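Each chain, written out:
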Amino acid sequence: MNLFGNLGGLFSSDMAIDLGTANTLVYVKGRGIILSEPSVVAYHVKDGVKKVLAVGEDAKLMLGRTPGSIEAIRPMREGVIADFDTAEEMIKHFIRKVHKRSTFSKPKIIVCVPHGATPVEKRAIRQSVLSAGARRAGLIAEPIAAAIGAGMPITDPTGNMVVDIGGGTTEVAVLSLGDIVYARSVRVGGDRMDEAIISYLRRQQNLLVGETTAERIKTSIGTARMPDDGRGTSMQIRGRDLLNGVPKEIEVTQAQIAEALAEPVQQICEAVMTALETTPPDLAADIVDRGVMLTGGGALLGDLDLALREQTGLAVSIADESLNCVALGTGKALEYEKQLRHAIDYDS
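Residues numbered from 1 in each chain as written. Predicted model: local features only at pLDDT ≥ 70, side-chain atom pairs only at ≥ 80, totals over all residues. Heavy atoms only, no water.

Draft legend 1. Spotlight on the nonpolar core. Membership of the largest hydrophobic core comes to 43 residues, with the highest contact counts inside it found for Met161, Leu201, Ile217, Ile237, Val252 and Val265. It is helix α9 (residues 262-278) that contributes the most residues to this core, six residues altogether. Counting residues domain by domain, this core receives three or more from each of domain 2 (153-188 + 265-322) and domain 3 (190-261). Ignoring anything within four residues of it in the chain, the contact list for Met161 reads Met152, Val172, Ala173, Val174, Val272, Ala275, Leu276, Ile287, Gly291, Val292 and Met293. Core analysis: the second largest hydrophobic core is formed by 28 residues, Tyr27, Ala146, Leu334 and Tyr346 among them. (Core = buried A, V, L, I, M, F, W, Y, C linked by side-chain atoms within 4.5 Å. Buried < 20%, exposed > 50% of the residue type's maximum accessible area, 1.4 Å probe, protein only. Helix = DSSP H or I, 4+ residues; strand = E, 2+ residues; numbered from the N terminus. Domains from an automatic or database assignment. Contact = heavy atoms within 4.5 Å.)

Draft legend 2. Examining the domain arrangement of the protein chain more closely. Domain annotation of the protein chain identifies domain 1 (15-39 + 74-144 + 326-345), domain 2 (153-188 + 265-322) and domain 3 (190-261). A separation of 28 Å is found between the C-alpha centroids of domain 2 and domain 3. Taken together, the 15 residues of domain 2 in the interface contact ten residues of domain 3. Regarding the contact of domain 2 and domain 3, the summed buried area is about 1000 Å², with carbon and sulfur atoms giving 55% of it. If you sort the residues of domain 2 by the area they bury against domain 3, Gly167, Val265 and Leu301 come out on top, with a joint share of 40%. The tally of links from domain 2 across to domain 3 stands at one salt bridge. Its salt-bridge partner being Glu310, residue Arg225 comes within 2.8 Å of it at the nearest N-O pair. (Buried area = accessible area lost by both parts, 1.4 Å probe. Salt bridge = Lys/Arg side-chain N within 4 Å of Asp/Glu carboxyl O.)

Structure (structure tokens):
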């Protein structure tokens, strides 16, 4: 009997993919999340011919440190595909990495797309998944996946509000009866925060830092509100001094980073406020009762839940595995496809 079970496993290992701007996660049916890597592809360009050098972790280390012959590209921008061929290569690589034995099976794959994606962008995602070797490609809206992954009772007739802050977009959605009542996608996310830190240090400190350093600052001491003592913890960072062009090391404090991040955080708060204003009154009453759920990597920014609470006056909670929420939710949609049929769209 076991042999047949294994054979069945050979033929089907359907997957759910969370194609993120910053990270791509792959969930395999029955096995959970087994791959989480940065969405970066490094190419070696020779005589105009591109050859893939590295994908994922290895390629991320090359970002901003490449010689002329090597390009490190992030094929996803703001939640949708910006570079079609590169994205296809990346998806192929991840599918192969998960599927050691690709001869037998063409898996069925569900991918999540931002709510604000246009039909053209959706078709691009579907095409690249199909040409990467999928049998069928289904799409599910990111807010629905995030809410399922955070364990919210979205099939009940009550209002649930989820705020999914990813690398490229922030999705604010109110869900009820398993579908979206109101959703808004703003193109502010982790990347925009990194950019804000870069431009702040450039203006205030005359220091030029790269994306990698900005991301490290954000994850180490990034915060959404001013620290109580007006300074907070600090860290040493290195970059290029713009005044005399030499590399130097300076100290930045949490207060400075809070100031740098004020604008992106404000945009996220405004998106939440707009969503609350347009919610039908009964659902709004449920949200007061239940609060707002934060998911996505951006939810890990220090004190972001407090900043939102101050603005809205609602209870704001952060999902348990906020980084993996969307992937877990997309995976659950794969496992319980019958119940969530209306949320997945397969027509190609």
